[in-house]
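# Understanding the architecture of this molecule
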Amino acid sequence: MKDLLLMLRRAYRLDNWRGRILLGFTILLALLIVMRIVLTPSIIYATTSWLKGQGVDAHIEDIEIRIIDSRVSLIEARGEKDGKPLFHIGKVHVDWHWTPLSNKTISVTGIELEALKADIALYEDMAIVGGLRIPLGKADVENDSSTAQEQNDEPVKPWAAELGTVTFKQLELCYLQHHSTLQDASAENRFVDYCLKVDDLAWQGMIGYGLDAGLAEKDPVPVMIKGDFDISGINIIDNRIGRALLVSDANSIDGFDINGLNDIRISTLTMQGLSALQRDDDEHKDAVRYSRVTLNDIRFTDLNSLDVARIEVDEPGLYIVKDTENDWEYQQWVPASKSGETADDNSKQQQSDKEATRFALTLHDIRVTAPDMCYLDKPQDLYYCFTQQSLDWQGE
């Protein structure tokens with residue numbers, strides 16, 4: 001360090017301008033090093049202090065910021081309140097690509113997330129995400145868009161964004177919603193209460209927004225998506241009933257291609273090992289199931305027209321149970337209606353929606369292998385089952 005100072009002093013005496021430039025560069029480099037050293041502890045301290053103010057005891061093991069490598073990482077973040085775990089993040093990596101500021105493009109090349117666990121609760125006056133309370137007050141301020149338009153008549157290039165690969169592992173999310181305020185919440189006004197577990201989720205491709213100027217002119221949502229998607233190990237538990245709403249082994253989308261919301265295409269959609277609406281019965285352990293479903297050449301255009309070239313369903317199963325004259329077994333899975341809301345209100349809304357838009361569906365080749373469907377009518381003491389080796393339809 002002493003030799004460095006002597007060198008700077010000697011350079012400063014021999015050539016003032018060269019010495020000043022060298023001295024300024026050295027000071028700038030020293031400042032950057034100091035900022036890099038104190039940046040991570042400062043971010044950790046500020047984040048945990050803010051969470052502490054929200055009543056959450058948080059711990060963050062490390063935050064890595066690598067400017068040259070264009071990567072930021074979060075390692076082992078936990079939060080709890082009164083000894084109850086609120087959230088846990090094992091590891092997050094975010095990679096980005098530097099672009100000129102004039103391009104107005106945010107480019108994230110990859111996101112890796114491992115071991116995420118969090119609870120989300122929604123009430124009429126409050127949302128709670130990972131223990132953080134977010135008030136949901138009614139909007140009482142009206143936006144004057146005409147005034148803003150008058151103040152800025154010049155066309156401005158909108159910001160665009162793009163996202164590359166996404167990898168999630170070991171996700172656990174619970175979602176609770178009440179038809180009441182937080183203070184009045186009870187089991188009786190609980191709307192839904194689900195817990196979702198996902199083993200692996202992977203996206204390989206590109207997701208872009210506002211990248212194509214031509215698409216932005218003709219589509220209100222200029223989103224472009226091209227790539228493949230895989231998700232496996234899905235398990236959704238309905239805590240109101242204490243059983244699995246849905247279990248799925250593996251699902252994949254190959255050739256996912258979106259050019260605005262009016263042009264959506266999928267080459268192949270594959271879903272394997274579904275078991276839904278699980279029952280307390282060893283012989284009929286679920287109400288809906290299949291071993292494999294494949295849909296080929298899917299086209300969804302103008303948000304109202306769906307065309308599927310081929311559908312293959314292997315070993316589908318359906319078990320329908322009528323408990324009483326007016327009650328069916330599946331009704332226990334239907335979310336509770338809001339107090340004061342009647343079936344007549346729902347039917348009027350559905351009729352209004354039908355009148356507002358029409359939907360076109362076109363199916364071509366359909367093949368069903370080894371279907372097994374049963375119906376149990378407990379009041380009438382009737383039990384019917386339908387089985388078939390295969391059903392094959394070719395046409396439109």
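What comes next is a walk through the structure.

About the thresholds
- Residues numbered from 1 in each chain as written.
- Predicted model: local features only at pLDDT ≥ 70, side-chain atom pairs only at ≥ 80, totals over all residues.
- Heavy atoms only, no water.
- Helix = DSSP H or I, 4+ residues; strand = E, 2+ residues; numbered from the N terminus.
- Contact = heavy atoms within 4.5 Å.
- Areas by Shrake-Rupley, 256 points an atom, 1.4 Å probe, with all protein chains shown as cover.
- Pairing = 2+ DSSP bridges.
- Disulfide = S-S within 2.5 Å.
- Patch = residues over 30% accessible without salt bridge, like charges linked within 9 Å, V, L, I, M, F, W, Y side chains within 5 Å.
- Salt bridge = Lys/Arg side-chain N within 4 Å of Asp/Glu carboxyl O.
- 1 Å grid on protein atoms, 1.4 Å probe; cavity = no way out; pocket = protein on both sides within 12 Å on 5 of 7 lines; lining within 4 Å.
- Points joined across faces, edges and corners; volume = space filled by probe spheres on them.
- Nonpolar A, V, L, I, M, F, W, Y, C, P; charged D, E, K, R; others polar.

Before going further, it helps to spend a moment on the overall build of the chain. Helices and strands together make up the secondary structure of the chain, namely five helices and 18 strands. A sequence separation of at least 24 residues applies to 56% of the contacts in the chain between residues at least 6 apart. Carbon and sulfur atoms form 56% of the exposed surface of the chain, whose accessible area is close to 25,900 Å².

Bringing the pairing of strand β4 (residues 105-122) into the picture now. In this sheet, β4 lies alongside strand β3 (residues 84-96) in antiparallel orientation, the contact comprising nine bridges. Among the inter-strand pairings, phenylalanine 87 is bridged to a residue of β4, identified as alanine 118. Sheet analysis places β4 next to strand β5 (residues 126-129), joined by three bridges and oriented antiparallel. Counted as the bridge partner of leucine 122 is alanine 127 from β5.

Moving on, we get to the state of the cysteines. Any covalent bond linking the sulfur atoms of two cysteines counts as a disulfide. On inspection of all chains with the given rule, the structure shows two disulfides. Through a disulfide, cysteine 174 is tied to cysteine 195; the S-S separation comes to 2.0 Å. Disulfide cysteine 174-cysteine 195: the torsion about the S-S bond is 105 degrees, which places it as right-handed. Linking cysteine 174 in strand β7 (residues 160-178) with cysteine 195 in strand β8 (residues 190-209), this pair joins segments that are 21 residues apart in sequence.

In this section: a nonpolar patch on the surface. Taken together, the side chains of Leu318, Ile320, Met373, Phe386 and Leu391 define a hydrophobic patch exposed on the protein surface, amounting to about 380 Å² of accessible area. If you trace the backbone, methionine 373 turns up in strand β16 (residues 372-377).

A word on the layout of surface pockets. Here the largest pocket is characterised by a volume of approximately 440 Å³. Looking at the lining of the largest pocket, the elements with two or more residues in it are β3, β4, β7 and β8. Residue composition of the lining of the largest pocket, by class: nine nonpolar, two polar and six charged.

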